[in-house]
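Each chain, letter by letter, is given below.
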Amino acid sequence: GAGVSQSPSNKVTEKGKDVELRCDPISGHTALYWYRQSLGQGLEFLIYFQGNSAPDKSGLPSDRFSAERTGGSVSTLTIQRTQQEDSAVYLCASSFSIELYEQFFGPGTRLTVL
Amino acid sequence: GNSVTQMEGPVTLSEEAFLTINCTYTATGYPSLFWYVQYPGEGLQLLLKATKADDKGSNKGFEATYRKETTSFHLEKGSVQVSDSAVYFCALSDRHSGAGSYQLTFGKGTKLSVIP
């Protein structure tokens, strides 16, 4: 079956612009995670959804970052007023439930802020 | 808080050599432990996992044993192949981290290159 998909695969933007990154999880997966992979920081957790609610936003680095999930499926990560330090690969993962441990990762969106 | 420390790379081995990538962890609860692999140009894939002490995870010839006494989860393979060239990430998931979200805490990654 289809895996986790993310779009766009690459995004180049200018400093100060807003960007939206999209994640389509595996059908039926209730838990959805966003991570960020950067050279300096490695892989960092950003936010977690269970259904449409986000009980854990502890990893969001600033209030410029927000995310939502609708219909228990697609999620959008929005970065407002992008900065150069936001440049990274943004990864989405989903799992059937939070109790089942395997998270399936998407290919990521590479964001470059000029 | 939770953390994962893994040996820094890059690691370069000849084909058929023995591989060990060390991983140690710090966790507040009773974590599950994972190795993820990222092949060139591809996304992260789960390689193996262990959910409790003394469990051994294995897949594709790779093994790792959950050692609670040494808080370790070292990855081993007896004979590496060129196709094993990738970046390997050790990770933990602890239901006590962050509102029980089971978020993954990753090590920095170890790049393995296997030469013929």
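Q: Could you give an account of the interface of chain A and chain B, with specific residues and numbers?
A: Accessible area lost upon the coming together of the parts serves often as the stated size of an interface. Every contact between the two is made by 21 residues of chain A and, on the other side, 19 residues of chain B. Of the roughly 1,600 Å² buried between chain A and chain B, counting both surfaces, carbon and sulfur atoms make up 60%. Taken together, the links from chain A to chain B amount to zero salt bridges. Joining chain A to chain B, the criterion identifies four residue pairs in polar contact (both at pLDDT 80 or more). For the side of chain A that touches chain B, the secondary structure elements donating two or more residues are strand 4 (31-38), strand 5 (42-50) and strand 6 (53-56) of chain A. The element that contributes the greatest number of residues to the side of chain A that touches chain B is strand 5 of chain A, accounting for four residues.

Q: An account of the layout of surface pockets is requested, with residue identities and associated values reported.
A: Put simply, the largest pocket is a space of about 620 Å³. Forming the boundary of the largest pocket are 27 residues, of which Gln37, Leu39, Val89 and Arg110 of chain A together with Gln38 of chain B lie nearest the centre. For the lining of the largest pocket, the elements supplying multiple residues, two or more each, are strand 4, strand 9 (88-95) and strand 11 (109-113) of chain A together with strand 10 (86-93) and strand 12 (110-115) of chain B. Residue composition of the lining of the largest pocket, grouped by class: twelve nonpolar, eleven polar and four charged. In this structure, the second largest pocket spans a volume of roughly 210 Å³. Along the wall of the second largest pocket there are 13 residues; nearest its centre are Leu43, Glu44 and Phe45 of chain A together with Thr105 and Phe106 of chain B. Secondary-structure elements contributing two or more residues to the lining of the second largest pocket are strand 5 of chain A together with strand 11 (104-106) of chain B. Sort the elements by how many residues they give to the lining of the second largest pocket and strand 5 of chain A lands first, with four residues. Of the residues belonging to the lining of the second largest pocket, the class tally is five nonpolar, six polar and two charged.

Rules of the game
By convention here, each chain's residues receive numbers from 1 onward along its written sequence. As a convention, the first chain written is A and the first ligand written is 1, with the rest following in written order. In keeping with the predicted nature of the model, local features appear solely for residues at pLDDT of at least 70, side-chain atom pairs appear and are counted solely at 80 or more, and the whole-chain, interface and lining totals rest on all residues. Hydrogens and water are ignored here; the side-chain numbers use all heavy atoms of the structure. Residue contacts are defined here by distance: any two heavy atoms, one from each residue, within 4.5 Å place the two residues in contact. By convention, the term buried area covers the 1.4 Å-probe accessible surface removed from two parts as they join, with the contributions of both added. Counted as salt bridges are all cases of a side-chain nitrogen of Lys or Arg within 4 Å of a carboxyl oxygen of Asp or Glu. In the analysis that follows, any N or O atom pair within 3.5 Å is treated as a polar contact, provided that within protein one partner can donate a hydrogen and the other can accept it, and provided that, for residues neighboring in sequence, both atoms belong to side chains. By the criteria applied, helices consist of DSSP H or I runs no shorter than four residues and strands consist of E runs no shorter than two, each listed in order from the N terminus. With a 1 Å grid spanning the protein atoms alone, the term cavity applies to any set of points in which a 1.4 Å probe fits but cannot get out, the term pocket to an open set with protein on both sides within 12 Å along at least five of seven lines, and the term lining residue to any residue with an atom within 4 Å of a point. Grid points are joined across faces, edges and corners, and a volume is the space filled by probe spheres set on the points. Basically, the charged four are Asp, Glu, Lys and Arg, the nonpolar ten are Ala, Val, Leu, Ile, Met, Phe, Trp, Tyr, Cys and Pro, and anything else, Gly included, counts as polar.

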